[in-house]
Amino acid sequence: MSEANRSPSSSLRLEALALLAIGRTGADIERIVREARQKARRGQRDLVWTDIEQALDADRMTMSDDLRWRVSVHEAGHAIAFTLLGIGEVESVTLGIGSVGQVIVNRYGHLAQTEHWLTKTMAATLAGRVAEQMVVGEALAGSGGGEDSDLAKATGIALDAETSLGFAEQQPLLYRATVRGFDVLSLDRQLAERVNARLLRAETIARELLDREGSKLMALASRLNHSGNMTGEEVRQLLGIRLVGQDHEVSETQR
């Protein structure tokens, strides 16, 4: 961008662009800026702030009002659970990115990875689906389906607890390597029942949490529905949380 197009409010414009870019990879940003520059060149003019803003906004998925609200509720549920269960630091919450919506979480690396920690992680993973059920009355199919879905992730954690992490009540010392095909759950009914019991306990934790924080869930979902994206700091301010610096590793939760 040429110096002639910079203004005293450049830092504010950069902040606005950063918010629009939340949830995208470096490759996504590079592609969007390249396409915006090419469009400006075809118009025989320099690239300006508005070009990038419009390109970032146009790259978002278009949703109906009903779907946008449902996704806002879903992602708000994840954000609240990850934050209040102490699993990690929410970095951003975004609509219209990836599989409809996305929460980027820096999971804390200093926590002891106990069975209780594992259950809370499952609860945070299931919290989006639970939030939909509580607010809208039903959950969309987006919570399940692929191997990267919320249901697949939570089931994988519960399965690992029973087969390879030493948390099973029956034969806890027996290590059984698991594969993400989940075929073993179809063949071993007793194992499937134990895995499902873990998922139900995690779901209960998520439901009780979101029921207590119902007003904050609605407030966060409403704000996200209006703005389309929120920073982690905005989420914490709404929840009344002051962040304490911790070691963490980056992960994503999305529909």
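Participant: Tell me about the overall build of the chain, and please be specific about residues and values.
Facilitator: Along its length, the chain carries 10 helices and four strands. In the chain, the succession of helices and strands from N to C terminus is α-α-α-α-β-β-α-α-α-α-α-β-α-β. Per-residue burial over the chain gives 43% buried out of 255 residues. Taking contacts inside the chain between residues at least 6 apart in sequence as the whole, the part at least 24 apart equals 75%. Carbon and sulfur atoms make up 50% of the accessible area of the chain, which totals about 13,400 Å².

Participant: Lay out unusual backbone geometry in plain terms, naming residues and giving numbers.
Facilitator: Non-glycine residue Gln 171 carries a positive phi angle of around 50°. Here Gln 171 falls in the exposed class, since its relative accessible area comes to 56%.

Participant: Report on the packing of helix H4 (residues 65-84) against helix H9 (residues 214-227), specifying residues and quantitative values.
Facilitator: Relative to each other, H4 and H9 sit at 125°, their axes nearing to 8 Å. With respect to their mutual orientation, H4 and H9 come out oblique. Crossing handedness for the pair H4 and H9: right-handed. In contact with Arg 68, Trp 69, Ser 72, Val 73, Glu 75, Ala 76, Gly 77, Ala 79 and Ile 80 of H4, H9 contributes Lys 216, Leu 217, Met 218, Leu 220, Ala 221, Ser 222, Leu 224, Asn 225, His 226 and Ser 227. When grouped by side-chain class, the residues that make up the contact of H4 with H9 number 10 nonpolar, six polar and three charged.

Rules used in this analysis
Residues numbered from 1 in each chain as written. Predicted model: local features only at pLDDT ≥ 70, side-chain atom pairs only at ≥ 80, totals over all residues. Heavy atoms only, no water. Helix = DSSP H or I, 4+ residues; strand = E, 2+ residues; numbered from the N terminus. Buried < 20%, exposed > 50% of the residue type's maximum accessible area, 1.4 Å probe, protein only. Contact = heavy atoms within 4.5 Å. Areas by Shrake-Rupley, 256 points an atom, 1.4 Å probe, with all protein chains shown as cover. Axes fitted to C-alpha atoms, helices over the stretch in contact; angles between N-to-C directions. Parallel < 35°, antiparallel > 145°, perpendicular 65-115°, else oblique. Left-handed = near helix turned anticlockwise from the far one by under 90°. Nonpolar A, V, L, I, M, F, W, Y, C, P; charged D, E, K, R; others polar.

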